[in-house]
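Architecture at a glance
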Amino acid sequence: MKLTPLGDQAVLAYLADEPAAVALAATVRAADPVWLFDVVPAYASVGVFFDADQIRAADVMDWLNALASGGRGPAEAVLGGNAHSGGSRPPLAFRVPVCYEMQLDLARVCEHTGLSADAVIERHTATVYTVYAVGFVPGFPYLGYLPSELCGVGRLPSPRTRVEPGSVGLTGRQTGIYPLARPGGWNLIGRTPLTIVDAADGFFPLRVGDTVRFDRIDESRYRQLEGERLG
C-alpha cells in the first residue's frame, strides 16, 4: 500500500488491485474513528477524508498502515477509537431487471464481438459484477468486469446528448447504469425500470464493494416494475 496526501484534509491510498481497495475501504468504515469524514474508494485506490482540526495527515497515514497490518494506529489510541456510527454496512448483492429490447446499440456490440444478440445478453446476465467506483453523475455505478467475449467495445464516436435514466451500457471492460438523464457515450444494450438514484431523497443504494447481477425481463414486466426502487 502506497500513501500520499491529497490536499490538506485527505490521504490517498494506492492498493495492489480492486479487491484490496474494497477491503481497505470496508475496514476503515468499520473502524470509524472520530476524525473520519468520508471514505471514497475507486478501483485500486481509496481516499480517506479527515477532520484536519483533530488529526494530521501523518497520523492518518500511521493509522492506515497499522490498520492494514491488523494493529491499532496511534491516532485511534489518542482519540479513543470509534465515536460515531458512520452508517457503514457490509457489501450487498443486488439483482437488477433489464429489458434488453429497450436498447440502442446492441447491433454495434454484436458487430464488434461477433456474437448474436441473444449470446451478448446471455453473457451479460451470467456475470456477477462488483461496483468498483461510483461517479460521473451521482450514483452511476462502474461495474466490472465484463466477460472476455464482451470486452473491447469502444465508446460511441459521438456521445448522445441525452441518455434516459435506467439505461444499461457497456464499454471497454465495464458495464454500468445511467441513474439520471445525462449525455453519455457508452453502448446502450438495455434499460432497467428501477430507480437506482433519488438525489432529492438521498437514495443512493449502490456502494463500492456491492455486487450486481442483471436479470432479463420483457417489456410487459418492465412496465409492471417501472418506478420501483432498487432494493
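Residues numbered from 1 in each chain as written. Predicted model: local features only at pLDDT ≥ 70, side-chain atom pairs only at ≥ 80, totals over all residues. Heavy atoms only, no water.

1. Points about the overall build of the protein chain
Helix and strand counts for the protein chain stand at six helices and 13 strands. With the C-alpha coordinates of the protein chain rotated into their principal frame, the extents come out at 60 × 35 × 30 Å. With an accessible surface of roughly 10800 Å², the protein chain has 51% of that area assigned to carbon and sulfur atoms. For the protein chain, the distance from the average position of its 20 positive side-chain charges to the average position of its 25 negative side-chain charges is 3 Å. (Helix = DSSP H or I, 4+ residues; strand = E, 2+ residues; numbered from the N terminus. Areas by Shrake-Rupley, 256 points an atom, 1.4 Å probe, with all protein chains shown as cover. Lys, Arg positive; Asp, Glu negative; His and termini not counted. Charge placed at Lys NZ, Arg CZ, Asp CG, Glu CD.)

2. Description of the nonpolar core
One finds Val96, Val120, Ile189, Val212, Phe214 and Leu230 to be the most contacted residues of the largest nonpolar core, which totals 33 residues. Secondary structure elements with two or more residues in this core: strand S5 (93-99), helix H4 (106-113), helix H5 (117-126), strand S6 (129-134), strand S9 (167-171), strand S13 (211-217) and helix H6 (219-225). The dominant element in this core, judged by the number of residues it contributes, is S5, at four residues. For Leu230, the contacting residues outside a window of four places in its chain are Phe94, Arg95, Val96, Leu194, Thr195, Ile196, Phe203, Pro205 and Leu206. Judged by nonpolar contacts, the second largest core, of 22 residues, contains Ala13, Ala21, Ile55 and Leu64. (Core = buried A, V, L, I, M, F, W, Y, C linked by side-chain atoms within 4.5 Å. Buried < 20%, exposed > 50% of the residue type's maximum accessible area, 1.4 Å probe, protein only. Contact = heavy atoms within 4.5 Å.)

3. What about the pairing of S9?
Counting buried residues along S9, five of its five residues qualify, which places the element largely inside the surrounding structure. In S9, alternate side chains face the same way, and those of Ser167, Gly169 and Thr171 on one face and Val168 and Leu170 on the other are all buried. Pairing of S9 with strand S12 (residues 187-191) involves four bridges; the strand directions are antiparallel. From the neighbouring strand, Gly169 faces S12, where its bridge partner is Leu188. In this structure, S9 lies alongside strand S10 (residues 174-177), joined through four bridges in antiparallel fashion. By the bridge assignment for S10, Gly169 is matched with Gly176. Linkage of S9 to S10, two consecutive antiparallel strands, is achieved through a turn of two residues, within which Gly172 is found at a positive phi near 55°. (Pairing = 2+ DSSP bridges.)

4. As for the environment of Gly172
Structurally, Gly172 is set in the loop between S9 and S10. Each C-alpha atom, one on Gly172 and one on Trp186, is 9.3 Å from the other, the two residues being 14 residues apart in sequence.

5. Some points on the sheet that holds strand S4 (residues 45-50)
The antiparallel open sheet is built from four strands, whose spatial order is S1-S2-S4-S3. Two strands close off the open sheet at either side, each with one partner strand: strand S1 (2-5) and strand S3 (36-42). Going from strand to strand, the sheet's axes swing by 20° on average, the running direction of each strand aside. Pairing of S3 with S4, which is carried by six bridges, proceeds in the antiparallel orientation. When the bridges of S4 are listed, Ala42 appears paired with Ser45. Of the strands in this sheet, strand S2 (10-14), S3 and S4 are in contact with helix H1 (residues 18-31), which crosses S3 at around 165°. Lying on the sheet, helix H2 (residues 57-68) is in contact with S1, S2 and S4; it crosses S1 at an angle near 165°. (Axes fitted to C-alpha atoms, helices over the stretch in contact; angles between N-to-C directions.)

6. Thoughts on the confidence of the model for the protein chain
In this model, the protein chain carries an average pLDDT of 91, and 92% of its residues clear a pLDDT of 70 or more. Low pLDDT (under 50) marks residues 72-87, which in the prediction has 34 contacts with non-local residues, meaning those over four places away or in another chain. (pLDDT = per-residue confidence, 0-100.)

7. Some thoughts on the side chain of His124
Its place among the elements puts His124 in helix H5. Leave out the neighbours within four places in its chain, and His124 touches Tyr100, Tyr129, Leu146, Leu150, Val168, Leu170, Thr175, Ile189 and Phe214.

8. Structural notes on the packing of aromatic side chains
Scanning the model with the defined rule gives ten aromatic pairs in all. Where Trp35 meets Trp63, the ring centres are 5.0 Å apart and the plane angle is 85°; that geometry is what we call edge-to-face. Remark: Trp63 occurs in helix H2 and Trp35 occurs in the loop between H1 and S3; sequence separation between them is 28 residues. Grouping residues by exposure puts Trp35 and Trp63 together as buried. Taken together, the ring pairs connect Phe136, Phe140, Tyr142, Tyr178 and Trp186 into an aromatic cluster. (Phe/Tyr/Trp six-rings, centres within 6.5 Å; stacked < 30°, edge-to-face > 60°.)

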